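Here's the letter readout for the chains.
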Amino acid sequence: MVKTFQAYLPSTNRTYSCVHCRAHLASHDELISKSFQGSQGPAYLFNSVVNVGCGQTEERVLLTGLHAVADIYCDCCKTPLGWKYEHAYESSQKYKEGKFIIELAHMIKENGWD
C-alpha cells in the first residue's frame, strides 16, 4: 500500500522528511537556522513546512525566554516533531513568530544531498 501525503515537494529540491513515514516536511530552501535546541536534542528552524499538524497554543519558558508555541506533528503518522512559534514576548525574539522547529531526531535528508 502506498502512502499519500498532502503535499509533495519538488524532487529537484533537497528536502527534509519524517524519519518514521518519509512524508516530506520542508525544503532546504526554507531552512533558517541549524542552531536550535529541541526538547530531545538539536533542532532546525524553518520558515515553512508541509504535511504538519498543529496542536493548541500554550505559553512556555524556553531557552530564549517566554514564548507562545504550539506543538507540531507529522500529519501522516502523527509523530511529534517540534513546535511552531506563535508569539514571542521579547522584541529580540520576534523573528521566530510563525516559524517552525523540527528536531533532528524526527527527520531525514532526501533528494540530492550527495
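Residue numbers restart at each chain and count upward from 1, following the sequence in its written direction. Residue-level local features of this predicted model are given only where pLDDT is at least 70; pairs of side-chain atoms are given and counted only at 80 or more, and the full residue set underlies all totals for whole chains, interfaces and linings. Values shown for side chains rest on all heavy atoms present in the structure; no hydrogens or waters enter the calculation.

If you look the protein up in an unreviewed UniProt entry, it shows as Protein yippee-like from Drosophila lebanonensis.

Visitor: Before we move on, can you summarise the nonpolar core with the specific residues and values?
Guide: Buried Ala, Val, Leu, Ile, Met, Phe, Trp, Tyr and Cys residues that are joined via side-chain atoms within 4.5 Å together make up what is termed a nonpolar core. When a residue's accessible area, from a 1.4 Å probe over protein chains only, is under 20% of the maximum for its type it is buried; when over 50% it is exposed; and in between it is partly exposed. With 17 residues, the main nonpolar core has L25, F46, V49, L81, I102 and M107 as its most contacted residues. Should any heavy atoms of two residues lie within 4.5 Å, those residues are considered in contact. Not counting residues within four places of it along the chain, the set of residues in contact with V49 comprises L25, A26, F100 and I102. In this structure, F36, A43, L45 and V69 belong to the second largest nonpolar core, which totals seven residues.

Visitor: Can you tell me about the confidence of the model for the protein, naming the residues and giving the values?
Guide: Of the residues in the protein, 93% have a pLDDT of 70 or more, and the chain-wide mean is 90. Confidence of the prediction at every residue is given by pLDDT, a number between 0 and 100. Strands here mean DSSP runs of E at least two residues long; helices mean DSSP runs of H or I at least four residues long; both are numbered from the N terminus. The least confident element of the protein, judged by mean pLDDT, is strand β9 (residues 107–110) at 91; the most confident is strand β8 (residues 100–103) at 97.

Visitor: Lay out a nonpolar patch on the surface with the relevant residues and their values.
Guide: On the surface, a nonpolar cluster with roughly 290 Å² of combined accessible area is contributed by V61, L66 and Y89. Among the structural elements, L66 can be located in strand β6 (residues 65–74). Here a patch means residues that are over 30% exposed by relative accessible area and free of salt bridges, tied together within 9 Å if like-charged and within 5 Å if nonpolar (Val, Leu, Ile, Met, Phe, Trp, Tyr). A 1.4 Å probe and the Shrake-Rupley method give the accessible areas. Residues count as covered only by the protein chains that appear here. Any Lys or Arg side-chain nitrogen located within 4 Å of an Asp or Glu carboxyl oxygen qualifies as a salt bridge.

Visitor: Let's hear about the state of the cysteines: which residues, and what values?
Guide: Throughout, disulfides are identified as pairs of cysteine sulfur atoms within 2.5 Å of each other. Considering all chains together, one arrives at zero disulfides under this definition. C18 supplies the cysteine sulfur nearest to C77, a cysteine that is in no disulfide, at a spacing of 3.6 Å. Since its relative accessible area comes to 26%, C77 is described here as partly exposed.

Visitor: Can you explain the packing of aromatic side chains? Please cite residues and give values.
Guide: Each pair of aromatic rings taken from Phe, Tyr and Trp, with Trp reduced to its six-membered ring, is defined by centres within 6.5 Å and is described as stacked if the planes are under 30 degrees apart, edge-to-face if over 60, and tilted in the remaining cases. Applying the stated rule across the entire model yields four aromatic pairs. Between Y44 and F46 the ring centres are 6.4 Å apart and the planes differ by 55°, which places this aromatic pair in the tilted class. Judged by relative accessible area, which is 10%, Y44 ranks as buried. When the centroid spacing of 6.2 Å and the interplanar angle of 80° are considered together, the rings of W83 and Y85 count as edge-to-face. In this structure, W83 and Y85 share a single accessibility class: buried. Put simply, the rings of Y16, Y44 and F46 touch in pairs and so form one group of aromatic residues.

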